[in-house]
Each structure stands twice: as structure tokens, then as C-alpha cells.
Amino acid sequence: MKQLIITLLLTLTTPSLLAAELPDGDQIASNINARDEGHSVIRTLTMEMTDKRGKQRIRKTRGFRKYFGDEKRTAIYYLSPKNIKDTAFMIYDYADMAIDDDQWLYLPAMRKVRRISASDRGDYFLGTDFTYEDIKQESKVSIADYTRKTIGKEMVDGHQTFIVESTPVDKATAKELGYSKVIQWVDAEIWIVRKAEFAGLRNRPLKTIYTRAIKQVQGIWSAHLIEAENHKTRHTTKFIFSDIDYQTEISDDLFTERALRRGL
Amino acid sequence: MTCLQKGRCVVGYEEPPVPPPITLPGSSFPRDHRKHLWCRKKGSSGWALILFATAMMLISTMATAEISTSLTANIEWGYSTEENSTEKLATTLQPEIEIDLGRKIKLTAIGRIRSDAENRIDTTGSTDSELREFYIETEIGRSFLTLGKQQIVWGKADGLKVLDIVNPQSWREFILDDFDNSRTPLWALNSEIPIADLTLQLLWLPDQSYHEYATGSDRYTFTSPRLVPRPPPDVNISMQAAQRPDRTIQDADWGARLATFRKGWDLTLNYLYHYDDRPALLRQLSITTNGPLATITPRYQRSHLIGSSFSNAFGDLTLRGEVGYTTDRYISSNAIADIDGVVKTDELSYVIGLDWFGFSDTFISTQLFQSHLNNHQPGILRDKRNTTITALLRQDFYNETVTAELLWLHNLDLDDGLARPKLSYQMNDNTTLWLGADIFYGDQQGLFGQFKERDRFVSAVEIAL
């Protein structure tokens, strides 16, 4: 009887003991967002998209990101292949969550910069398995969109990680993001999400993203490979980063409509 | 979400054109000379030579020039459903070269060779070749400078042209050709100068090229009596050569655009001082021994355009639009009492568009276009007010490798229109296949309805290397 009581007590108290050992989910999210990503960055991004039959499309881009105070501006210019060369995407991401982001897309076939809706953030970015929100957040996370809890620890690719379960704050946000739940494996030392599993709006597995080849560049931890696998379509996307440069000053003029039109 | 494939993402028209009166009864206009009279000047070889020589000199002084080349090949088959026959079997090759000369100087040259085995779209010849674009881009401080033959695009509307009139347009295939293909590049000096949070664009366009129209038995020659002036019965017509401006400096067009981004709004103010790309068809009536004679002299006229454009996003919606006020338009009139056969009027035009991004991989866009003539006289070939609506529905599938879309344009005044369904498939990075249809309907006096016998299926393969 005594043993049964002890067993029951252990069973009831273990989760809270475990939880006490683990950092709070919001704290982990804050650590992720506090990680240094440089005032600005220039990098080459090669996108490899493969469908379930193995057919591959490869797109090469040059990406620029720069902070203007709390405001983050990102511009991506397509270099190849020919049929989408000179396409360019730009986003102004404001610190004030009450203000919608501003997004533009330059389509060379029309020779016009088109304003696009920022509430479309759960839509997939130009044929990839990453959403516009994924592209905007890069290696950061959105604090306001989710409630979080830490549910465990696990080794991923030989690194200790905390497992954080994030749930959209409400149905409208879930619909915007296209996810009902996200589970992230966050590196316990350098606060990079090494793996993330996304559930669709019907709570079925949607996609998994792996962040790999994490190396320091000019003193800043940088992912050189991000792989996304869509479980519904069996389509995969690899983002391969190269020529990462945090030190070269980027002209403010690069983040303008006229720069989008003109290209690199 | 958004079509990135080169092609008919959006088509457009300028409402309404004033086509050449090649179909006028009794016209003695020599058909072989029509290109000379009506079409834009090909070449402007003097400018090309100067720029080419400059470019070669620059290249020769810079051993480190980076050169990239590409070639786009497009094979298009059009089948007339009304006549059960092939309308066109066209091959277009577009070579392109970009030379990065260093020191922030880049040279771009784009050519086009087009051949049609059917000769029905343009009956004058099966093959044409052209240096489409040839320009040098450079940066001076924070300013951009583009010098050479180029396309300059203004406005926020898709296809419906209020401000996008810097370059003239080819109407050889009505509005069915790609926008990029149908716009006529011009020799121009184009500078963009940042001033605080504004960008001032200054244009100087010494190139006197104008709209190019289908004529005679070309497939898309305008025939509607509301578009083509018709003389009374028994009146002979004498068509004179077009009076084109030909002074490089004095007759150059010029324009300015001020653009800014403020509180979420993309805003521009535009001004263009130019020759209207449509000639005024000046008419002189006389009595001869053979009876009444109408002498028609096409003359290009100066015009001012003052306008503005805007766009902003609100949740799932994007609002965009443009407005333009054009002075000194000369609209043909059938009224015999009208001495010169044209009515001079100003025109106010605007487009308002709403884009909706509510569903994943879906894009829905609608536009309303209206134009108003200030001086509407009896007999004038245009209504005082003209209203057209457009709708575009597009759905992407399979990570944007397959796109289905429907573009619909409808004129509310005459209840005529055009529907353009299209299905495209991106086979790989280089190859795109598409299948579409162009379906005209409505009153044959209308801009669209006049082509209701021109319904067609079109299929194409495009290879970009």
C-alpha cells in the first residue's frame, strides 16, 4: 500500500518537477529572438524544390536584410532561371504588431511592382514549402501569434534541444498562419530552432522543417541549409545559403520600389 | 499566389483606340505604303549606332566585363474556332545579352525575331526582326540613369492604361499579345533621382514612334463603325500621308513622375508632355468633277497628361488605382457639319482595382475603368462616358507549377467583352506549356464585339535558356 502511495505521488509530481527543470516556452522564444543576427546581412540563397516524382526546380536569389531601428526590411532578388529572373520581393516588417507589414512583388513580365497583402502570410512563398511568414521570420519566431509550453528535451543532430509546443492564440491567427500547432526543437545553447513540425488546420501533420549546417559566420551563428518537407504533397524545398556577409554595409536605397524594378 | 511565368499574366488595352481608316469605302490609300504611314518608325538607327559605339568603347576599356546571355523561344499555335482553321503558327526568338561593365554600368540588348507561317495576323510579311531594347544603366551618386531604347511603365492598373502611355503599343493582335511584346520600346533618357523620401523620375523621349495598328485584311483590323469613321455614301476618300513630327529636340516628349511611400501608401504624381500616339484624322470636304471628296490627313498632336496613382493593402485586400487628365484629344466625328471631322476635347480617365488574397494560392482581382470626354459633340465616334470592368481569377496548384486563370473584360456601355481562360504548366525551370482560349462576345459595334468571329484556342510552348 505504502509503495502504491509513493508510486502515485511520484506519478502526480513528476511532470511538475520536469516542467520546473525546463525553461518556460515564452522564455525560449525570447532567447531565440534575442539571438544576434546582425544589423544587416547579404547572402546568396539557392532554392531547390523537388516534387514527389523527383522533378527538381532550382532558383538562385540574392537576399538582403537590414534593421532600420526596430523595423526589419528584407529584399530578395531572383537571379535565375531565366523565366523568373528579375522577380523581386520586398517586405517591411514593423515592430508594432498593430501595423500590418508592407509587401511588394516585382513581376518582370508586367514590369510593375505590385503591392501584395500581408495578411496572406500563411500562403506559400513563390512555389516553395515555406510560407511568407516563414520567410519574414527567418530564424526568429512570432511572440504574439502563439501560446507556448515546453514539453521536453531531446537530442537533434547530436545537439541538446528543448521541445516547445506552440499553439496559435486564436482561430483567426491559426487560419492566417495555416497551422493549428507547431512543435519546435530549440538548440539549448545557441537558441536556433533545429527542427519544427507543423500541423495543418485539421491537426494533421503538414510539414517538417530542419535547420542544418549551422556555423558561425563573422561571429554570428548562421544556418547554411534549411530543408522543408510537406507531408501532404511530398514536395520538398531546400534553402541553401552561401556567401553570407554581415559586415558589408547595405544601402538603404536597396529597400525601395525603384530598386525592385531596377534589380541588381 | 502570384504568377511568375512570363506570359499573359494580365493583358491590357487602351480604351478605345482610333484605328487607321484603311477600311474606308472608296479609299485610294495605297496598301503597300501603310507601314510607312501608320506604323512607328523602325530602327532609329542613328541612335542605335551612337549607343552601340559608346557601348563597344566602354566594353573595350573594361577587360573585366561580365557577360550573361539568354534566349527565349516561343512557339504558339492559334486555331480559329469560327473558321475551323489555323490562325497563326508563330515562332518568336528573343535573344538577350547583359554586360556588366563594372563601375556600376550595365548594358542590356534584347532582340526579337518573329515568324508566322500563316501570315494572317499580319498579312504584310511572315517574318520581322527588331532590336527591341538597347540601353545602358548606370548610377550617379544615388541616382539611376538609363539611356537607350527601353520600356517605361507607369501606373498601378493591370492592362487598363491611364498612365501607362509613355510607350506606344502594337495593336497587330488587338490586346491578345503579351504586354511586354505589344509595348513599343522608345529611345529615351530616363533618370530617377532620390530627393529626401521622394523619387523624381525625369524622362526625355526624342523617339517619334506611335501606335502600330492592324490594317487591311489583317486579322485584327478594327471594323466597328464606332471606332472607324465612315463617310456618307457616294463620298470619295483621299488619304494623305500622315504628318509626323520629325524634329528631334523640339518634338521630343518629356515627362516627370514624383513617387513616394507614405503611411502605407504608394503614391505617384505624373506628368507627360507628348504627342498622342493616335493621330487626329483631319478631314477636308470638297466638290470635284467626280463628286464629293473627303481628304483625310492623319496628324499627330501634342497633349498634356497629368495624373496620379496609389496603392495600399488592407487585410486581405489591396486597393490600387490611377487617374489621369489628358488635354487635346482629337476624336473623329461623322458629322458632316463638323468642318475638320474631329472634335477636340479633354478626357478624364481613372481605374480602381481591388485584389483579394483571401484563399491560399488564389488571387482574385477586379477593376473598374471609366473615361469621360469634356466636349462631347453630336456625331463624335465615342460615347461621352465609357465604362469597362475586368475580373481576374487565378489559382495555383502543385507549388505553382500549374496555374489556372480566367481573365474577363466587359464593356458596360455596349455589353461586349472578352473572356480568356488559360491553363499553364511549368514543366521545368526552362519550359512552360500553356493552353488558352480567347472568346469575344457582344455587340459588333463594340471594341471587343467587333471580333466575335475571331474566337480561338491557343496553345504554346516557351523555352527560356
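Residues numbered from 1 in each chain as written. Chains lettered and ligands numbered in written order. Predicted model: local features only at pLDDT ≥ 70, side-chain atom pairs only at ≥ 80, totals over all residues. Heavy atoms only, no water.

## Some words on the overall build of chain B
Alright, step 1. If you tally the helices and strands in chain B, you get three helices and 22 strands.
Alright, step 2. Counting only residues that meet the buried cut, chain B has 57% of its 465 residues in that class.
Alright, step 3. Within the structure as shown, chain B displays about 18400 Å² of accessible surface, and the carbon and sulfur contribution to it stands at 60%. (Helix = DSSP H or I, 4+ residues; strand = E, 2+ residues; numbered from the N terminus. Buried < 20%, exposed > 50% of the residue type's maximum accessible area, 1.4 Å probe, protein only. Areas by Shrake-Rupley, 256 points an atom, 1.4 Å probe, with all protein chains shown as cover.)

## As for the overall build of chain A
Alright, step 1. Secondary structure assignment for chain A yields five helices and 13 strands.
Alright, step 2. Rg of the C-alpha trace for chain A: 20 Å, near the compact-globule value of 18 Å for 264 residues, within the 12% margin.
Alright, step 3. When the backbone C-alpha atoms are referred to their principal axes, chain A occupies close to 80 × 40 × 35 Å.
Alright, step 4. Residues counted as buried form 56% of the 264 residues belonging to chain A.
Alright, step 5. Considering only contacts within chain A whose residues lie at least 6 apart along the sequence, 46% involve residues at least 24 apart.
Alright, step 6. Counting only carbon and sulfur atoms, one obtains 53% of the accessible surface of chain A, whose full area is about 12000 Å². (Rg over C-alpha atoms; globule rule 2.2 N^0.38 Å. Contact = heavy atoms within 4.5 Å.)

## Considering helix α2 (residues 25-34) of chain A
All names here are of chain A.
Alright, step 1. Among all positions of α2, only Gly-25, Ile-28, Ala-29 and Ile-32 are buried. Down the axis of α2, the smallest arc covering the buried residues is 100 degrees, so these residues share one side.
Alright, step 2. For α2, the secondary structure elements touched by its buried residues are β7 (146-156), β8 (159-168), β9 (181-187) and β10 (193-199).
Alright, step 3. If you check the start of α2, you find a side-chain oxygen 3.1 Å away from the backbone N of Asp-26, and it comes from Asp-24. (Arc of directions from axis to C-beta. Polar contact = N/O pair within 3.5 Å; in protein donor to acceptor, adjacent residues only side chain to side chain.)

## Re the interface of chain A and chain B
Alright, step 1. With 45 residues of chain A at the contact, the number on the chain B side is 66 residues.
Alright, step 2. For chain A, the biggest contributors to the area lost against chain B are Arg111(A), Arg258(A) and Arg262(A); these three give 19% of the whole.
Alright, step 3. Our count for the contact surface shared by chain A and chain B stands at 11 salt bridges.
Alright, step 4. Residues Glu98(B) and Lys85(A) are paired through a salt bridge, measuring 3.2 Å at the closest nitrogen-oxygen approach.
Alright, step 5. The tally of links from chain A across to chain B stands at 29 residue pairs in polar contact (both at pLDDT 80 or more). (Buried area = accessible area lost by both parts, 1.4 Å probe. Salt bridge = Lys/Arg side-chain N within 4 Å of Asp/Glu carboxyl O.)

## Details of the packing of aromatic side chains
Residues and elements named next belong to chain B.
Alright, step 1. In the structure shown here, the tally under the stated rule is 31 aromatic pairs over all chains.
Alright, step 2. Between the aromatic rings of Trp-265 and Phe-314, the centroid separation amounts to 5.7 Å while the plane-to-plane angle is 65 degrees, which identifies the pairing as edge-to-face. Here the residue Trp-265 occupies a position in strand β11 (residues 265-275), and Phe-314 occupies one in strand β14 (residues 302-314), the gap between them amounting to 49 residues.
Alright, step 3. In this structure Trp-265 comes out as partly exposed when scored by relative accessible area, which is 28%. (Phe/Tyr/Trp six-rings, centres within 6.5 Å; stacked < 30°, edge-to-face > 60°.)

## As for the confidence of the model for chain B
Residue and element names in this part refer to chain B.
Alright, step 1. Per-residue confidence for chain B gives a mean pLDDT of 85; residues scoring 70 or more make up 86%.
Alright, step 2. Per-residue pLDDT stays below 50 along residues 1-44; that stretch engages in 182 contacts with residues further than four places along the chain or on separate chains.
Alright, step 3. For this predicted complex, the interface confidence score (ipTM) comes to 0.84, while the overall pTM stands at 0.85. (pLDDT = per-residue confidence, 0-100.)

## Here we look at a nonpolar patch on the surface
Residues and elements named next belong to chain B.
Alright, step 1. On the surface, Leu-71, Leu-93, Ile-113, Ile-463 and Leu-465 cluster together to form a nonpolar patch covering roughly 390 Å² of accessible area.
Alright, step 2. Assignment of secondary structure puts Leu-93 in strand β2 (residues 85-102).
Alright, step 3. For Leu-93, a relative accessible area of 33% puts it in the partly exposed group. (Patch = residues over 30% accessible without salt bridge, like charges linked within 9 Å, V, L, I, M, F, W, Y side chains within 5 Å.)

## Comments concerning the pattern of salt bridges
All names here are of chain B.
Alright, step 1. With the rule as written, the count across this model stands at 64 salt bridges over all chains.
Alright, step 2. With a shortest N-O distance of 2.9 Å, Asp-355 and Arg-320 are connected by a salt bridge. You can see Asp-355 sitting in strand β16 (residues 342-356) and its partner Arg-320 sitting in strand β15 (residues 317-332), a full 35 residues away along the chain.
Alright, step 3. With relative accessibility at 0%, the residue Asp-355 sits in the buried group.
Alright, step 4. Looking at Arg-320, the relative accessible area reads 4%, which means it is buried.

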